[in-house]
Amino acid sequence: MTLSVCIITNQTATLRRALNSVKFADEVILVATGNYGAVRAIASEFDNVRYFRKSFNKHFIKNWKLKKIFLFPDARNYSLDRATMDWILILDSDEWIDNPEQIKKLMSTPDIIAWRLDQISLINKAEIAISQT
């Protein structure tokens, strides 16, 4: 089985850490939604990263003094549409895989129907463990 990792971001502070943690992936779809030059520069450091640039679709509402509303799902779906591998893992740029061997082992096991992923995220610069099943 092959793996695509999809990340959308306009942040660079933790992006390298996220990308380093998924070097084992067959491809990383990295969609920049802002800060394009800096995100692209970091993307170019990784062989498995495919860089895309996508502005959020914007709508304006009169009652909110023309405040912008960003449609996050459009950017997420844009990244998913570009994934070409068997499996897709979605990460935020402030998340990383702490144990990539676990994912590689799962991907090499036939007929997996469920699995648990331990993930580390930064919240207020503190590491917390998130268990997903």
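Structure: see above.
The model shown is predicted, which means the values in this text are computed figures rather than measured ones. (Residues numbered from 1 in each chain as written. Predicted model: local features only at pLDDT ≥ 70, side-chain atom pairs only at ≥ 80, totals over all residues. Heavy atoms only, no water.)

> Talk me through the side chain of Arg76; I want residue IDs and the actual numbers.
Take Arg76: it is sitting in helix H3 (residues 72–82). Arg76 has contacts with Cys6, Ile7, Ile8, Ile90, Leu91 and Asp92, leaving out every residue within four places of it along the chain. (Helix = DSSP H or I, 4+ residues; strand = E, 2+ residues; numbered from the N terminus. Contact = heavy atoms within 4.5 Å.)

> Tell me about the environment of Arg17, and name the residues and values.
Mapping Arg17 onto the fold places it in helix H1 (residues 15–21). When its relative accessible area of 40% is taken as the criterion, Arg17 is described as partly exposed. (Buried < 20%, exposed > 50% of the residue type's maximum accessible area, 1.4 Å probe, protein only.)

> Break down the environment of Ser108 for me, citing the residues and quoting the values.
Take Ser108: it is sitting in the loop between helix H4 (100–107) and strand S8 (117–123). Taking the C-alpha atoms as reference points, Ser108 and Met1, separated by 107 residues in sequence, lie 6.6 Å from one another. A distance of 2.9 Å separates a polar side-chain atom of Ser108 from the backbone oxygen of Lys105. (Polar contact = N/O pair within 3.5 Å; in protein donor to acceptor, adjacent residues only side chain to side chain.)

> Would you mind going over helix H2 (residues 36–43) in detail, with residue names and values included?
Taken as a whole, H2 has its buried residues at Tyr36, Val39, Ile42 and Ala43. Viewed along the axis of H2, the buried residues span an arc of 135 degrees, placing them on a single side of the element. Buried residues along H2 sit in contact with strand S1 (3–9), H1, strand S2 (27–32) and strand S3 (49–53). (Arc of directions from axis to C-beta.)

> Help me get a handle on the sheet that holds strand S6 (residues 87–91), residues and values and all.
Taken in spatial order, the 4 strands line up as S3-S2-S1-S6 in an open sheet, and their pairing is parallel. Both edges of this open sheet fall to S3 and S6, since each of them pairs with a single strand only. Each adjacent strand pair in this sheet contributes to an overall mean axis angle of 20 degrees, direction not counted. Contacts from H2 reach S1, S2 and S3, with the element oriented near 170 degrees to S3. On the sheet, H3 packs against S1, S2, S3 and S6 and is oriented at approximately 150 degrees with respect to S1. (Pairing = 2+ DSSP bridges. Axes fitted to C-alpha atoms, helices over the stretch in contact; angles between N-to-C directions.)

> Would you mind going over the pairing of S3 in detail, with residue names and values included?
Examined bridge by bridge, S2 and S3 share 5 bridges and lie parallel to one another. In the sheet register, Val28 faces S3, and the bridge partner there is Val49. In this view, the connection linking S2 to its parallel neighbour S3 by way of H2 has right-handed handedness. (Right-handed = clockwise from strand over helix to strand, strands pointing away.)

> Please provide a residue-by-residue account of the pattern of salt bridges, values included.
A complete count under the given rule lists 3 salt bridges for this structure. A salt bridge links Glu27 to Arg50, with the shortest nitrogen-to-oxygen separation between them at 2.9 Å. Taken as a pair, Glu27 in strand S2 and Arg50 in strand S3 lie far apart in primary sequence, 23 residues in all. The exposure class assigned to Arg50 is partly exposed, which follows from its relative accessible area of 31%. Between Asp92 and Arg76 there is a salt bridge, with its nearest N and O atoms 3.5 Å apart. Of this pair, Asp92 sits in the loop between S6 and strand S7 (95–97) while Arg76 sits in helix H3, and the two are 16 residues apart along the sequence. Residue class for Arg76 comes out buried when judged on its relative accessible area of 11%. (Salt bridge = Lys/Arg side-chain N within 4 Å of Asp/Glu carboxyl O.)

> Just give me the short version of the side chain of Ser4, but keep the residues and values in it.
Looking at the element boundaries, Ser4 is found in strand S1. Not counting the four nearest positions on each side in its chain, Ser4 is found in contact with Glu27, Ala83, Thr84, Met85, Trp87, Ile88 and Leu89.

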